[in-house]
Amino acid sequence: MSKIVFRKDASQTKVLVKAARVSAKRAYSGSKALGLTISYIKDGIVYEEDANGSAVAVKHIEQVNDTPFELKKGLVLHAK
């Protein structure tokens, strides 16, 4: 058996992104038609939107971008 090697393939990525957009739109419209609430994140804030279109902010998400140390090229990591 040979290993599957991942290579960057722009056409495959475009197809996957398009499929994700289509499925997200269908899920959104289906949830609205059934009268379900829709949760989404926009600008670091979690919103819940009712079927009538009113959105309520539920929670603010804090993004932590700090790393405990700086990674450099050629750095050797030892894990136990």
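You'll find the structure just up there.
Residues numbered from 1 in each chain as written. Predicted model: local features only at pLDDT ≥ 70, side-chain atom pairs only at ≥ 80, totals over all residues. Heavy atoms only, no water.

J.: Honestly, the pairing of strand β3 (residues 55–60) in this entry has me stumped. Any pointers?
T.: Side chains on a regular strand alternate between the two faces of the sheet. Burial analysis of β3 places just zero of its six residues in the buried class, a small minority of the element. Examined bridge by bridge, strand β2 (residues 45–49) and β3 share five bridges and lie antiparallel to one another. The residue of β3 that forms the bridge with E48 is V56. (Buried < 20%, exposed > 50% of the residue type's maximum accessible area, 1.4 Å probe, protein only. Helix = DSSP H or I, 4+ residues; strand = E, 2+ residues; numbered from the N terminus. Pairing = 2+ DSSP bridges.)

J.: Looking at this structure, how should I read unusual backbone geometry?
T.: Leaving glycine aside, a negative phi is the common case for residues, and trans is the common case for peptide bonds. With a phi close to 55 degrees, D43 is a non-glycine residue in the positive phi region. Considering the arrangement of structural elements, one finds D43 in the loop between β1 (38–42) and β2. Looking at D43, the relative accessible area reads 72%, which means it is exposed.

J.: I would appreciate a short explanation of the side chain of E49 in the present structure.
T.: Its place among the elements puts E49 in strand β2. Within the structure, E49 has its side chain in polar contact with the side chain of Y28 (distance 3.0 Å). Here E49 is in contact with Y28, K32, L36, T37, I38, Y40, S54 and A55, once residues within four sequence places are set aside. (Polar contact = N/O pair within 3.5 Å; in protein donor to acceptor, adjacent residues only side chain to side chain. Contact = heavy atoms within 4.5 Å.)

Such coordinate-based values are descriptive only and should not be taken to indicate function.
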